[in-house]
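Structural description and commentary
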Amino acid sequence: MTERAHVAHDEGESGVWSGSWVAERLGVELAGDEALTGLLGLALRRNPKRAHLLVSNVLGKHVPQSPSVVYGHGVALGRRVRELLGAEAAERAVVLGYAETATGLGHSVADGLGSAPYLHSTRRAVAGVARAGGFEESHSHATSHLLLPQDPALLAGHGPMVLVDDEFSTGNTVLNTIRALHERYPRKRYVVVALVDMRSPADAGRLETFAGEIGARVDLVTTASGTVRLPPGVLEKGQELVARYEAPTADPATEPTTEPTTEPAPGPTGGSPGAASPGSVERIDLRWPHDVPDGGRHGFTAADRDRLESALPGMAARIADALPARARRVLVLGFEELMYAPLRLAQALEQAAGGDVDVRYSTTTRSPVLAVDDPGYAIRTRLVFPAHDDPADGPGERYAYNVAGAGFDAVIAVVDSAADTPALHAPDGLAARLAAHVPHVLLVVVPSYVPPASPDPQAPERPPMLPEPLRGPAFSSYAPDEVGWLLQDLSDVTLEAPTEEREEAIQSGGAHYAESLPVEYQPSEQYQELFHAALESSAARLARAVGAVTEVVLTERSPRPVLVSLARAGTPVGVLMRRWAQFRHGLDLPHYAVSIVRGRGIDANALRWLADHHDPADVVFVDGWTGKGAITRELAAALSDFEVSDGVTGFDPEIAVLADPGSCVRTYGTRDDFLIPSACLNSTVSGLISRTVLRADLVGPHDFHGAKFYRELVGADLSPAFLDAVSARFPDVTESVDAHVKDLLSADRTPTWEGWAAVERISEEYGIHDVNLVKPGVGETTRVMLRRVPWKVLARAGAGADLDHVRLLAEQRGVPVEEVTDLPYTCVGLIHPQYTRGATGADGKAVTL
């Protein structure tokens, strides 16, 4: 069921639609409700694979807008939801907004709904606050989302859940969220709210189908709906436009120029000064109430709302008093996820001014967009500045749009205290960037709310005793002293499903990837020859990397570390590190393998077992390689949660890996992206153990995660051969290891997260818009070919024998291999986006090696 709210909108001061520039040049058309052109403008990303970007005029993110208009749209949507649910159900509802773009919109919807508590997802981990859940957003520039409510019961109720985003396009993000939450906190009704519904006809039925699968009702409430019509050749025309307007030599006599990326110039509508006459920066003491959260990151209740409403007039008066006497056009500028507090302050200031001051509201953002100074284009100017809140995903550029040259007499920049850092006040920071274009900058710092630490009364009791690790030969083909598996044996359970069936279920939100297993196929004779050739050519290189990472661990982490590999790709590496420690130092190191699942975290029972038997400070987590760094982040978040839930400290989230091409960790053997032969195969090079399984009907609260031992594949097992081939080269590489370790220990190994940035760029350029479908590096690309439905392979120009096995798999699957000149990895595998068994570009066949 779909409901639409109808709210008046601002069509723009110039009378020109802010999408006309793109529409005229590309032939892009918004088809649907008449309100669409008032709600949306068009812009271009720096993206050769996607021609347009929808820019909301009423969200308060990219386009400065009257705060009453922004707040009014959210409140109106909330009232429509209340009418849809009825008063009784509305009283039991909880509202969830999406970071970063919809945090303010979701909060406004909650206000319109009535007394509903509000929570928004966040990309900022908060020390001491346990996760209640998390999910991946299906937009390329977004990172993993966390749910960090102060009261876990906020998500555990049985009333309706209202999920709020600015745009409803494919539905992937909503399906991911509902799926993750419904598994832990099932309920009977969900309402999805968005300003615009821009689904394609192909996506229109997915929400209803999914609702039937989970046995819940899912409604949709939007302000307007429509679709984007794209003419033939639009991508090529878009590429040409972006290239022309990004070029520093663009001719202003023929076309409006883009604003420079560092010091934007005032546009024709501006009255603000340029960089030569910087304005002043003054800090205001807002006297924010100590008992009012700064937003919904940890939850925001009806009582919090009442306290905020009481305090708003006084805070607005303090801002008004600080404004210069002649200020007539003022912008309140929020900060990324901090949207609601600045919005309400702007609205209160607008009401207090009574029409004497034109108050506008917008916020800074992570999203890069091309700027073109033309009245018919949605992004006129762009300010660029470095991140200033120590983000979990590392440093990077941030942006403020349509601020420079907009004629503002003053800007009130509102940040939270976590973002009030030296980077904010640096010469290239946000404060200086604003002061270069606006006469007066007033800085307001809202205290970042952090819930008091308290034990979770709903946490399950610890079991009195956990089982001992599984060992070979009863479980795995490894010798019993090589590794102990902190897993439960699910060998007798049928868990395998055809590749195309698994892919469709995963992407539709109908199943998590850890709930089933791909079929373990036997390698062909030709593929086995490739494996042995790769092993022969790379054994010495592998031995050097194994020796290097082991020596770094022994030097920096612990003289007697407890190796804990992340099953299963990390397990052969853990065995090899243990062998190097024996070979070089005579150490007999303990080694265990544990399960970690993206989106679900590490096996908490395995951590409890380790904490009972070893000092957590000695534990070193081991993996094979890094791609975009998702598991690195997953481990850090899971250990933080475990510290809160169990009170156990000392586990170090830093993973030690053989290869770190993604630059995600500081403990590694190499940062080269090269072929690790153990990535070429599945269980037959990993002790005949399957990927780990986490399914509620098989894994109870006191169980280890599960896995299967494929005893029937013993005749094809190459696990011992792989380990022995690498170990045999240890004596040959000792001197080179010593030299390499000396260089590593003296080098700056700070992670740059280059891999994540590359994945985001590739996701956008190829129109995938889901970072989970982009698998960087030789190892991850091989996994795509073996386990998923591949769409295409990107290969770095000139890549040699490291890709022979990938090329063979691609040929067998009918998957195109594209050579790319500026690829930071040797190769990248792309999973088919929005896969169904009839999807164009995938053969739907099972892998035959």
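Fair warning: this is a prediction, and the values are worked out from it, not measured in the lab.

About the cut-offs
Residues numbered from 1 in each chain as written. Predicted model: local features only at pLDDT ≥ 70, side-chain atom pairs only at ≥ 80, totals over all residues. Heavy atoms only, no water. Buried < 20%, exposed > 50% of the residue type's maximum accessible area, 1.4 Å probe, protein only. Helix = DSSP H or I, 4+ residues; strand = E, 2+ residues; numbered from the N terminus. Pairing = 2+ DSSP bridges. Axes fitted to C-alpha atoms, helices over the stretch in contact; angles between N-to-C directions. Contact = heavy atoms within 4.5 Å. Salt bridge = Lys/Arg side-chain N within 4 Å of Asp/Glu carboxyl O.

Because each turn of an α-helix spans 3.6 residues, side chains separated by three or four positions end up pointing in the same direction. Residues of helix α23 (residues 804–813) that are buried: H805, V806, L808, L809, A810 and R813. Of the residues flanking the end of α23, it is G814, one or two places downstream, whose phi is positive at about 70 degrees.

A few words now on the sheet that holds strand β17 (residues 410–416). Spatial strand order, β12-β18-β17-β13-β14: five strands in an open sheet with parallel pairing. The outermost strands of the open sheet, each flanked by one partner alone, are β12 (280–284) and β14 (358–364). Taken over all neighbouring pairs, the strand axes of this sheet differ in orientation by 25 degrees on average, direction set aside. Looking at chain direction, β17 and strand β18 (residues 440–446) are connected through seven bridges and run parallel. Pairing of I412 across the sheet is with L442, part of β18. On top of the sheet, helix α10 (residues 302–322) reaches β12, β17 and β18; it is set at about 155 degrees to β12, its chief contact.

With that settled, consider the side chain of D389. Within the secondary structure layout, D389 lies in the loop between β15 (382–386) and β16 (397–401). What D389 contacts, discounting residues up to four positions off in sequence, is R124, F335, A418 and A419.

This next bit is on the pattern of salt bridges. Going through the model one piece at a time under the given rule, you end up with 41 salt bridges. With a closest N to O distance of 3.5 Å, R307 and D291 form a salt bridge. Of the two residues, R307 is situated in helix α10 and D291 in the loop between β12 and α10; the sequence distance between them amounts to 16 residues. Among the salt bridges present, the one from E818 reaches K792, with a minimum N-O distance of 3.2 Å. Of this pair, E818 sits in strand β32 (residues 817–820) while K792 sits in strand β31 (residues 790–796), placing them 26 residues apart in sequence. Taking relative accessible area as the criterion, E818 reaches 27% and is therefore assigned partly exposed. Judged by its relative accessible area of 13%, K792 is buried. One salt-bridge network, held together by shared partners, links D111, R305, E309 and R344.

Structural measurements only, silent on function.
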